[in-house]
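Coordinate inspection notes
Each chain, letter by letter, is given below.
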Amino acid sequence: MALNDQDIARIANLARLELSPGESERMLAQLNNFFGIVEKMQAVDTSGVSPLSHPVAAIQDIALRLRDDLVSEPNNREANMQNAPAADKGMFLVPKVIE
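Just so you know, these numbers come straight off a predicted model, no measurement behind them.

1. Observations concerning the overall build of the protein
Helix and strand counts for the protein come out as 3 helices and 2 strands. Starting at the N terminus and walking to the C terminus, you meet the elements of the protein as α-α-α-β-β. Here the C-alpha radius of gyration of the protein, 25 Å, is well above what a compact globule of 99 residues would show, namely 13 Å. When the 99 residues of the protein are sorted by exposure, 7% land in the buried category. The contacts of the protein with a sequence gap of at least 6 include a subset with a gap of at least 24, amounting to 27%. With the model as given, the accessible surface of the protein reaches about 9600 Å², and the carbon-plus-sulfur share is 55%. Measuring between centres, the 9 positive side-chain charges of the protein sit 5 Å from its 14 negative side-chain charges.

As structure tokens, this is what we get:
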């Protein structure tokens, strides 16, 4: 996947960036280099390779330190809702932003 000048202009517009022509050219080269690296990584045959749960697992067995999924905070809904400008049935009411 290679980007062109129009793609860079669109990305800059979406990000609300003003790029000079030199910056735009440099950004185009950097992004195309990045996509080139991604294409090389995707070309590697990884069938039969199991995913790692941790990077160190490739060189030694490790035990993941997982904590129990327990509730640790009390229910403060009533106290939290006191600051809401508008609420209904324990939920914040907000203006509609998507049409």
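Following the structure, the description resumes.
2. Observations regarding a nonpolar patch on the surface
A cluster of nonpolar side chains, L17, L19 and M27, forms an exposed patch at the surface whose accessible area comes to about 230 Å². In this structure, L19 sits in the loop between helix 1 (5-14) and helix 2 (21-42). Assessed through its relative accessible area of 30%, L19 is described here as partly exposed.

3. Points about helix 1
Working note: α-helix, 3.6 residues per turn, so residues spaced by three or four point in the same direction. The N-terminus of helix 1 is capped by N4, whose side-chain oxygen sits 3.0 Å from the backbone nitrogen of Q6. A positive backbone phi angle near 55° is found at R16, which sits one or two residues after helix 1.

4. Overview of the environment of L31
With respect to the secondary-structure elements, L31 resides in helix 2. Classification of L31 as partly exposed rests on a relative accessible area of 23%. For the pair formed by L31 and P85, sequence separation is 54 residues and the distance between their alpha carbons is 44 Å. Other than its neighbours up to four places away in sequence, L31 contacts L3 and I8.

5. Describing the confidence of the model for the protein
Summary statistics for the protein give a mean pLDDT of 89 and a share of 99% for residues scoring 70 or more. When pLDDT is averaged over each helix and strand of the protein, the minimum, 88, is found for helix 3 (residues 77-81) and the maximum, 95, for helix 2.

6. Here we look at the environment of M27
The topology assignment puts M27 in helix 2. As for M27 and D69, which are separated by 42 residues in sequence, their C-alpha atoms are 44 Å apart.

7. Brief notes about the side chain of S24
Following the sequence through the fold, S24 ends up in helix 2. Dropping the residues within four chain positions of it, S24 is found in contact with I8 and L19.

8. Some words on the environment of A2
By the secondary structure assignment, A2 is in the segment before helix 1. Sequence spacing of A2 and G22 is 20 residues, and the spatial spacing of their C-alpha atoms is 18 Å.

The rules behind the values
- Residue numbers here run from 1 along each chain, matching the order of that chain's written sequence.
- Residues qualify for local features only when their pLDDT is at least 70, as the model is predicted, and side-chain atom pairs are given and counted only at 80 or more; totals for whole chains, interfaces and linings, by contrast, use all residues.
- Each side-chain value is worked out from all heavy atoms of the structure, with water and hydrogens disregarded.
- What counts as a helix is a DSSP run of H or I of at least four residues, what counts as a strand is a run of E of at least two, and both are numbered from the N terminus.
- Our radius of gyration is a C-alpha quantity, and the globule rule it is checked against amounts to 2.2 Å times the number of residues to the power 0.38.
- Here's how the labels work: a residue is buried when its accessible area is under 20% of the maximum for its type, exposed when over 50%, partly exposed in between, all with a 1.4 Å probe on protein chains only.
- By the convention used here, residues are in contact when the closest approach between their heavy atoms is within 4.5 Å.
- Only the protein chains shown count as covering a residue, and every accessible area follows the Shrake-Rupley method with a 1.4 Å probe.
- All tallies of charge rest on Lys and Arg as positive and Asp and Glu as negative; His and the ends of each chain are not included.
- Charge positions come from single atoms, namely NZ of Lys, CZ of Arg, CG of Asp or CD of Glu.
- What makes a patch is a set of residues exposed beyond 30% relative accessible area and free of salt bridges, joined within 9 Å when like-charged and within 5 Å when nonpolar (Val, Leu, Ile, Met, Phe, Trp, Tyr).
- By definition here, a salt bridge exists when the distance from a side-chain nitrogen of Lys or Arg to a carboxyl oxygen of Asp or Glu is within 4 Å.
- Side-chain atoms alone can form a polar contact between residues adjacent in sequence; in general such a contact is a pair of N or O atoms within 3.5 Å, and within protein one must be able to donate a hydrogen while the other accepts it.
- As a per-residue measure, pLDDT reflects the predictor's confidence and takes values from 0 up to 100.

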